[in-house]
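# Architecture at a glance
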Amino acid sequence: ENRPIPEPGPNEVLLRMHSVGICGSDVHYWQQGRIGDFVVKDPMVLGHEASGTVVKVGPGVAHLKPGDRVAIEPGVPREIDEFCKTGRYNLSPTIFFCATPPDDGNLCRYYKHSASYCYKLPDNVTFEEGALIEPLSVGIHACKRAGVTLGSKVFVSGSGPIGLVNVLVAKMMGAAAVVITDLSASRLQKAKEVGADFTIQVKNETPQEVASKVESLLGCMPEITVECTGVQACIQAGIYATRSGGTLVLVGLGPEMVTVPIVNAAVREVDIRGIFRYCNTWPVAIALLASKRINVKPLVTHRFPLEKALEAFETTKRGEGVKVMLKCDPTDHNP
């Protein structure tokens, strides 16, 4: 639909949007109208993996000017609460977040956003790389929470976009070996491309069988498991696979209630950690992309103009490719 071009307020910038990636959560809201407690009650603009160009700055904006290319961090705290004070602003209960009801996202031609959460892109970082900082940030946050370090052995469960960024980041942070599982052979092939050392195509193995396959490929049980599916059997496999004293990070979100071998985790001192989005990751991601230490370009497999958004969403829903990118600037469809 047509909407008026917004006017940037104090400390805001107006952006001409360029590239917006489609996330599984966007598809979920489109199909189900809710994710857990977040329910779509009114029409909502989707999109939260995004980059664009500053076209206008509001009062008080000093670090950006028209013409600057920026990556957008979609979560903006509305108040300086205890979570913000401790640097964990992603946990602030009143945070604004693009395309999480009732907040509109940025899958549009023009979008205004808090200037502090727009990060200038270096000349050698493309708009698409800028848009991919959002999923990449999930990997950075998960691997930090997991404690990936030099020589870590890591098991990543699920080879979708989030599983793949966790492979990229784990290797970057010094993991000696990464094994990844998925149902899809083509996704596992993509995982190999981005640096996974071993892949396991899961068919109908029990969680214990998956765990023993992980151990035999790595030559030991991994200290760290990053679970990116939210599927009950995969969480169970994650617990069984993780070495005693290790860490399991739950990234994928599935049903609210899942049955897991919690006593197995407890008696073996396996730490189970959750993550909610990310915080303080954009500067890190930009530094990694600008220095070419990390390459996210292979993740983009499909591109559509904004007019063909429905087709793009259908493609994502069918599980084709890895990352589908929408191009919002009719004059520039370059990456």
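Residues numbered from 1 in each chain as written. Predicted model: local features only at pLDDT ≥ 70, side-chain atom pairs only at ≥ 80, totals over all residues. Heavy atoms only, no water.

Quick note on the threshold: UniProt positions are given in the numbering used here, feature names are shortened, and annotations may be inferred rather than shown by experiment.
An unreviewed UniProt entry annotates the protein chain as Sorbitol dehydrogenase of Rynchops niger. Looking at the Cofactor (unreviewed entry) heading of the UniProt record, one finds this comment for the protein chain: "Zn(2+)". In its Sequence similarities (unreviewed entry) section, the UniProt entry covering the protein chain states "Belongs to the zinc-containing alcohol dehydrogenase family."

## A look at the UniProt feature "domain: Enoyl reductase (ER)" (unreviewed entry) in the protein chain
Keep this limit in mind: Where helices and strands are cited, they refer to DSSP runs of H or I of at least four residues and of E of at least two residues respectively, numbered from the N terminus.
As annotated by UniProt and renumbered to match this structure, "domain: Enoyl reductase (ER)" (unreviewed entry) occupies residues 1-326. Annotation note: span residues 1-326, helix share 31%, strand share 23%, distance between end C-alpha atoms 16 Å.

## Some points on unusual backbone geometry
Let me state the cut-off plainly: Each residue's exposure class comes from its accessible area (1.4 Å probe, protein chains only) as a fraction of the maximum for that residue type: buried when under 20%, exposed when over 50%, partly exposed otherwise.
The step from Pro101 to Pro102 runs through a cis peptide bond, and the omega angle for that step is 5°. Considering the arrangement of structural elements, one finds Pro102 in the loop between strand S7 (96-97) and strand S8 (110-114). The phi angle at Glu269 is positive, at roughly 55°, despite the residue not being glycine. Turning to its location among the elements, Glu269 is positioned in the loop between helix H8 (262-267) and strand S15 (271-274). The exposure class assigned to Glu269 is exposed, which follows from its relative accessible area of 60%. The phi angle at Arg277 is positive, at roughly 60°, despite the residue not being glycine.

## What to know about the packing of helix H3 (residues 127-146) against helix H9 (residues 282-290)
Put simply, the test is: Helix axes are fitted only over the stretch in contact, all axes being lines through C-alpha atoms; the angle between N-to-C directions runs from 0 to 180 degrees. Each angle receives one of four descriptions, namely roughly parallel if under 35 degrees, roughly antiparallel if over 145, roughly perpendicular if within 65 to 115, and oblique otherwise. What makes a crossing left-handed is the near helix being turned counterclockwise from the far one by less than a right angle; a clockwise turn instead makes it right-handed. Two residues form a contact once any of their heavy atoms are found within 4.5 Å. Under the convention adopted here, Pro, Cys and the residues Ala, Val, Leu, Ile, Met, Phe, Trp and Tyr are nonpolar, Asp, Glu, Lys and Arg are charged, and Gly plus all remaining residues are polar.
Between H3 and H9, whose axes approach to 9 Å, the crossing angle comes to 115°. In terms of orientation, H3 and H9 fall into the roughly perpendicular class. H9 is crossed by H3, and the crossing has right-handed handedness. In this structure, H3 contributes Glu129, Ile133, Glu134, Leu136, Ser137, Ile140 and Lys144 to the contact, and H9 contributes Trp282, Val284, Ala285, Ile286 and Leu289. Its residues assigned to classes, the contact of H3 with H9 shows eight nonpolar, one polar and three charged.

## Looking at helix H1 (residues 24-32)
Threshold: Think of the arc as the fan of directions from the helix axis to the C-beta atoms.
Those residues of H1 that sit buried are Asp26, Val27 and Tyr29. When H1 is viewed along its axis, its buried side chains cluster within an angular range of 160° and face the same direction. Residues of H1 that are exposed and point more than 90 degrees away from the buried face comprise Gly24 and Gln32. Residues of H1 that are buried sit in contact with strand S1 (12-21), strand S2 (34-35), strand S3 (38-39) and helix H10 (309-317). Of the residues trailing H1, Gly33 is marked for its positive phi of about 75°.

## Observations concerning the packing of H3 against helix H4 (residues 161-172)
Interhelical geometry of H3 versus H4 gives an angle of 55° and a closest axis separation of 8 Å. Considering the angle they form, H3 stands oblique to H4. When you trace H3 past H4, the crossing you get is right-handed. The segment H3 lies against H4, with Pro135, Leu136, Val138, Gly139, Ile140, Ala142 and Cys143 engaging Ile162, Val165, Asn166, Val169 and Ala170. When the residues that make up the contact of H3 with H4 are grouped by side-chain class, the tally is ten nonpolar, two polar and no charged.

## Some words on the environment of His333
Structurally, His333 can be placed in the segment after strand S17 (323-327). Distance from His333 to His18, taken between C-alpha atoms, is 7.9 Å for residues 315 residues apart in sequence. Discounting residues that sit within four places of it in the chain, His333 has contacts with Pro305 and Lys327.

## Here we look at the domain arrangement of the protein chain
By a frequent convention, interface size equals the accessible area lost on bringing the separate parts together. Rule in force here: Domain start and stop positions are those given by an automatic or database domain assignment. Buried area, as used here, totals the accessible surface that two parts lose on assembly, with accessibility defined by a 1.4 Å probe and the loss added over both. Note on definitions: salt bridges are taken to be side-chain nitrogens of Lys or Arg within 4 Å of carboxyl oxygens of Asp or Glu.
Under the domain assignment, the protein chain is made up of domain 1 (12-120 + 296-327) and domain 2 (139-274). Its C-alpha centre places domain 1 at a distance of 27 Å from the equivalent point of domain 2. Contacts between the two partners involve ten residues from domain 1 and, on the opposite side, ten residues from domain 2. Here domain 1 meets domain 2 over a buried area of about 700 Å², counting both sides, of which 66% is carbon and sulfur. The interface formed by domain 1 and domain 2 includes zero salt bridges.

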